[in-house]
Structures are given as structure tokens and as C-alpha cells.
Amino acid sequence: MIEVRELTVTYPDGTRALENVFLSVEEGERVALVGANGAGKSTLLMAMVGVCAKSAGSVTIAGIELTKKNLPTLRAHAGMVLQNPDDQLFCATVFDDVAFGPRNLGMDEKDVAKRVDSVLADLGAEKLRDRMPHRLSGGEKRVAAIASVLSMRPSVMLFDEPTSFLDPRARRHVAELLSCLPHTMLIATHDLDMALDVCERVVVLREGRVLADGPARDLLTDGELMEAAGLELPLCLGGKT
Amino acid sequence: MSKISNAMAELYTVEQLAAKDTGVHKLHPMAKLLTTIVFIVAAVSCGRYEPLRLVPFVFYPVLLMAAAELPYRPLLKRVALALPFALLAGVSNLIFDSGTALVVLGVSISGGTLSFVTVVLKTYLCVMALLILTATTTLADISAQLVRLKVPVIMTTVLTMTYRYIATLLDEVSSMSAAYALRSPNTRGVRMRHMGQFAGQLLIRSVDRAERVYSAMKLRGYSGLVPGHNSAPMKGKDWAYLALIAAALAVFRIFDIPSALGGLFGSI
């Protein structure tokens, strides 16, 4: 479903953010991208959907190769939820934000309303429908941001730090939500407990390179590997608080 | 709550009113937009020495505010923001147009005074009509109807985006001012000598933020134009509303109702 080959990203100031990254994700797989700050997690997600320009390599999602020409089709298949929901929600109401994608897809207004209501119902967020996004709590904003991407019916979901800035209960709610979604998922996160709960596979990044790739439980319990990646064991496995 | 947070909350007050569920809110946005345009044209086209001709027009905002259950205080506050401009424009009339235009009970009233009152009244009426439109119709609906009226889509997109980015800018100002205030407890506001740095940082941060928002839009299929919605045709009640208001405004504009009433009472 996702094929990343020899992906290299160099920022305009010369910083090499990603170097020769290989990644392959099967349909229905949930993969966590973990690594210390600056390891290249967000850059990898951004490069996969063409927000951040790649210097070399190739990305293919759902059979669509990342090229300038294919960008709109690729983005319709790969939904990305940004780290800060305030960047994602910019319309007057949650309804308009969730409807933004379907409207851009040229859908009829009746179908848009049906789609929005069905997505909000799936996420148990019907009560947010007519609320103003900037008045929502952090957890509600996150759910609204996820709804705004799900409404485009993507086959692949990319999440950038989906549980950051959330209190424990909201964090738990978002983690449960992610576990229930049937999509192929790539989740960039520092939240190793959530990664362990939601994902069956983990890719560890360090300084823009893939340091390890394997089953979540094996890698996240490997103290030496976590140390080498600048991380700590998940709290549920006795990591430092 | 800081002044900036208050400003942000106020920015959306009128828009929040648009989410109400009254009969006026339910009218087709096109009907409301057209009546607002007709109202403004009718009010603005009244003569500069005829402030009394504008009096019947006051019924439009008063009735609509009552029917739409709009609170008068936030709307009047916003009208007050526009009045200084009207006062400034009208003051020059007071100075340069001092010839007597009217004598009432032995008191001569200059043309400047009449045109001053007219300018202020017209401003009040027009701004109020626009505020009522935005308090009963969402910005997205207004933009969509403007597109239907053949206003270039790029203009409505710029309008919508500018409005949205004001909140983004205020958000950045809010967090930067909070960070500044926390480290300079004895200072009110930002010191002049720090203003350059503050403004520069604000610009950089806002551009960064705007870029992230733009990325989020592109990721959801945005291709340069905000898609329009509410393309449903107007129903009978919408046409009736439009016809009724337009007819009333035409009567107000064509006939000098205050003079006619004055003559009527005079003859009694």
C-alpha cells in the first residue's frame, strides 16, 4: 500500500532531514514511526504527500506514484492529520471543516452533508457538528481534525503526533479511535505507549535514517535500541516517568 | 482574558449569531444578500440635504434584528467602530457648507449640518445592514452567493481567507504578548525598543503558521479556490421576502414619507 524507496530530503539550508529511507507498508497495517526530536518523522510524512519536496527517491501510495501531476489523486488517497489541529481547522464550523475536503472533490452538497454526518457519527462526534473549531477542547479539536480527513475517504491515513498536547483521557480516546479505524496507518509519534497499543509494527528513525523496523513489542522493549534512538522504554513497560 | 483574547472572541461573535435558527436565518442567503444590496443603494442614493428621508429606513434594521433575535449591543458596538470615519467625513461639510439651507422655528440650519447628519445616518444604516447580513448568514454562504452574482471567485476567496487569517494572526500575537508580558511584569504592552523585534518575529511566525494552514488545505484537495455551496434555488418564501422588502424600500426611496406625514399632521 505504501512504498518508499531511497527517499532523501534536504532542506534549503543544506540540512539533510532524511537520507535513503526505505519503507514498505502492507494494506491494513498500522505502523508507528518513532524517534527523537529531529529524527525526521514529520518530514517523512510531509514528503510522502508532497508538502515537503523530496531531493531523491520515490514514494508510491495505493499504486499512485508521487509526482507533480499525480499529487491531487495521491492526496485524495492519503489523508494526513497534522500535529497541531489549529493548523488543520480553519473554517467557521466543524461541519464546514469536515465538508472542506468533500467539497473540493466536487461532491454535491446533499452528499457532502450525508458524508459529514456519517463521519461525525462514526467518531461519536455528532455534537461537534455546528460548533466553532477554535472553541473546542484539545481532544475535541483532534477528533474534528481526524474527521476532516476521514471525510475524504482516504485509503491510507498519516498521523503526525496524534496524541500530543492531550490530557490522559483525551489521549486514551484518540488512541482507541485510531485502533478502531480500518485504514492502513502510519503514525509519527513520541507516545510509545500509544504506539504499543495501536500499532503492530514500529519503524525507528535516527538522524533521518531507518535504525530499526520490526514488531512493536520487540522493538519498543529493546532498551539498547531505545537508548540508541534517543528514546526511553514505554511507561507501561517500566520506562522513566 | 487578555485584550487580544477578547478581540478574538469578539471577532467571531457576529459569526456565531449566524448559527441561530430563526426565520430570518433560514431564508435563502441570496434573498438576504439582494435585499441588503437594495437597501444600501436606496439609502445611499437619498439626497445629502434630506436626512429626514432616511428615517423610514431605520425600520429595516430594527425589524430584522427583532425577527432574527439579534442582540443590539454587539452590533451597535461594531457600528460605533465605523462612525468616527463618518464623523470625520461629515465635519468638513460643517466647515465648508455653512450657507443656510433650512429655517426651523426661526433657527437657521446650514447645508453642512444637514449633510453631516445625512452622512452619519447613512453610515449607521449601511453598516448596520451589512452587520445584520453577516449575523444571519455565514461568510461561506455570502461568498457562494457573491460567486453566483458573478463576482470573480478569486475575490471571494481572498475575502474568506483574509477573514480566516486574521484569527491566525491574532493567535500568534496573543501567545507572543503573553510570553513577553510574563518576562516583563512591570511593563504595559510591548516597549517601543522591542517593537521591531516583536513585529519581525510576528511576521515570520505568522507566515510559518499560514504555510501550515495552507498545507492542511492542499492536503484536502484545495486547488486555489474555496468551493461554493448552497446552490439551491430560492423558494417561494424567499422570493416573497425579497419582493416585500424591495417594494418597501422603493416606497421609502421614491416617496417623501416623513414630509407626507408631517403635512398630514399639519393639516389636522
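This text follows the structure it describes.
About the cut-offs
Residues numbered from 1 in each chain as written. Chains lettered and ligands numbered in written order. Predicted model: local features only at pLDDT ≥ 70, side-chain atom pairs only at ≥ 80, totals over all residues. Heavy atoms only, no water. Pairing = 2+ DSSP bridges. Helix = DSSP H or I, 4+ residues; strand = E, 2+ residues; numbered from the N terminus. Contact = heavy atoms within 4.5 Å. Axes fitted to C-alpha atoms, helices over the stretch in contact; angles between N-to-C directions. Parallel < 35°, antiparallel > 145°, perpendicular 65-115°, else oblique. Nonpolar A, V, L, I, M, F, W, Y, C, P; charged D, E, K, R; others polar. Patch = residues over 30% accessible without salt bridge, like charges linked within 9 Å, V, L, I, M, F, W, Y side chains within 5 Å. Areas by Shrake-Rupley, 256 points an atom, 1.4 Å probe, with all protein chains shown as cover. Salt bridge = Lys/Arg side-chain N within 4 Å of Asp/Glu carboxyl O. Buried < 20%, exposed > 50% of the residue type's maximum accessible area, 1.4 Å probe, protein only. Core = buried A, V, L, I, M, F, W, Y, C linked by side-chain atoms within 4.5 Å. Buried area = accessible area lost by both parts, 1.4 Å probe. Polar contact = N/O pair within 3.5 Å; in protein donor to acceptor, adjacent residues only side chain to side chain.

J.: Would you mind showing me how to read the sheet that holds strand E2 (residues 16–25) of chain A here?
T.: In a beta sheet, neighbouring strands are held together by backbone hydrogen bonds and run either parallel or antiparallel to one another. All names here are of chain A. The four strands lie next to each other as E2-E1-E4-E5, forming an open sheet whose pairing is antiparallel. Two strands in the sheet have a free side with no partner beyond their single neighbour: E2 and strand E5 (64–65). As paired elements, strand E1 (residues 2–10) and strand E4 (residues 56–61) share five bridges and run antiparallel to each other. Note on E4: the bridge partner recorded for Ile2 is Ile61. Against the sheet, helix H1 (residues 41–48) contacts E1, E2 and E4, and its axis sits at roughly 115 degrees relative to E1.

J.: Would you explain the sheet that holds strand E7 (residues 156–160) of chain A in this entry?
T.: All names here are of chain A. Judged by pairing direction, the sheet is mixed, and its six strands sit side by side in the order E6-E7-E8-E3-E9-E10 without closing on themselves. Edge positions in the sheet fall to strand E6 (78–81) and strand E10 (209–215), since each has one partner strand and no second. Going from strand to strand, the sheet's axes swing by 15 degrees on average, the running direction of each strand aside. When strand E3 (residues 30–34) meets strand E9 (residues 201–206), the two strands line up parallel, connected through four bridges. Bridge pairing in E9 links Leu33 to Val203. Contacts from H1 reach E3, E6, E7, strand E8 (184–188) and E9 within the one sheet, and its direction differs from that of E7 by about 145 degrees.

J.: What am I meant to see in the packing of helix H4 (residues 29–44) of chain B against helix H7 (residues 111–136) of chain B here?
T.: Packed helix pairs are specified by the crossing angle of their axes together with the interaxial distance, meaning the distance between the axes. Residue and element names in this part refer to chain B. For the pair H4 and H7, interaxial distance at closest approach is 10 Å and the crossing angle is 180 degrees. As summarised for this structure, H4 and H7 are arranged roughly antiparallel, according to the angle between their axes. Facing H4, whose interface residues are Lys32, Leu33, Thr36, Phe39, Ile40, Ala43 and Val44, H7 presents Lys122, Leu125, Cys126, Ala129, Leu130, Leu133 and Thr136. When grouped by side-chain class, the residues that make up the contact of H4 with H7 number 10 nonpolar, two polar and two charged.

J.: Got a minute to help me understand a nonpolar patch on the surface in this structure?
T.: Residue and element names in this part refer to chain B. A cluster of nonpolar side chains, contributed by Val91, Leu94, Ile95 and Phe96, occupies part of the molecular surface with about 410 Å² of accessible area. Inspection of the secondary structure assignment puts Ile95 in helix H6 (residues 72–96). With a relative accessible area of 55%, Ile95 lands in the exposed category.

J.: Is there a simple way to explain the nonpolar core in this structure?
T.: In globular proteins that are soluble, nonpolar side chains generally tend to be buried together. All names here are of chain A. Leu123, Ile146, Phe159, Leu178 and Val204 are the most contacted members of the largest nonpolar core, which has 50 residues in total. Top contributing element to this core by residue count: helix H6 (residues 138–150), with seven residues. The contacts of Leu123, once residues within four sequence positions are left out, are Val143, Ile146, Ala147, Leu150 and Leu177. Core analysis: the next-biggest nonpolar cluster, separate from the first, contains 35 residues, Met48, Val59, Leu66 and Leu71 among them.

J.: Can you help me understand the interface of chain B and chain A in this one?
T.: Frequently, the measure chosen for interface size is the accessible area removed from exposure when the parts meet. Each side of the interface is counted separately: chain B has 20 residues, and chain A has 23 residues. Of the roughly 2200 Å² buried between chain B and chain A, counting both surfaces, carbon and sulfur atoms make up 60%. On the surface where chain B and chain A come into contact, there are three salt bridges. Put simply, Asp87 of chain A and Arg209 of chain B hold a salt bridge, and the shortest N to O gap is 2.8 Å. Put simply, chain B and chain A have six residue pairs in polar contact (both at pLDDT 80 or more) between them. Residue assignment for the side of chain B that touches chain A shows that the elements contributing at least two residues are helix H2 (13–17) and helix H10 (192–219) of chain B. Each residue belonging to the side of chain B that touches chain A can be placed in one class, and the counts come to nine nonpolar, five polar and six charged.

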